[in-house]
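This is what each chain is made of:
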Amino acid sequence: MIEYTYNSNAIEGNTLTLRETALVLRGLTIDKKPLRELLEATQHRDAFYFVCDLAEKKMPLSESVIMEIHSI
């Protein structure tokens, strides 16, 4: 999860290092990093786990589900 979140966010321009991403995903904050970047990491993790939960439940992918994933 840490590497996946780090790589996905880095592609989008997030400047968190791999180590900083790991700390953020454990609930810590990083001094002198924009709140937006911290939230990107935690929200990416939350969206990923949401999609995993949908897959386990074999939920059909609908427009409303896609919108909910996007909102996370």
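Everything that follows concerns the structure shown earlier in this document.
Since the structure is predicted, the reported quantities are computational estimates derived from the model, not experimental observations.

A.B. asks: An account of the pattern of salt bridges is requested, with residue identities and associated values reported.
C.D. replies: With the rule as written, the count across this model stands at 5 salt bridges. For Arg 36, the salt bridge is made with Glu 37, and the minimal N-O distance between the two is 3.6 Å. Of the residues examined, Arg 36 reaches a relative accessible area of 47% and is grouped as partly exposed. Judged by its relative accessible area of 3%, Glu 37 falls in the buried class. Among the salt bridges present, the one from Arg 45 reaches Asp 46, with a minimum N-O distance of 3.1 Å. The exposure class of Asp 46 is partly exposed, given its relative accessible area of 34%. Beyond isolated ion pairs, a larger network of salt bridges with shared partners links Arg 36, Glu 37 and Glu 40.

Conventions used here
- Throughout this description, residue numbers start from 1 for each chain and increase along the sequence as written.
- A pLDDT threshold of at least 70 governs which residues receive local features in this predicted model, and a stricter bar of 80 or more applies before side-chain atom pairs are shown or counted, although totals over entire chains, interfaces and linings include all residues.
- Processing note: side-chain calculations cover all non-hydrogen atoms of the structure and skip hydrogens and water entirely.
- Salt bridge, as used here, is a side-chain nitrogen of Lys or Arg placed within 4 Å of a carboxyl oxygen of Asp or Glu.
- Between buried and exposed lies partly exposed: a residue is buried under 20% and exposed over 50% of the maximum accessible area for its type, with that area taken using a 1.4 Å probe on protein chains only.

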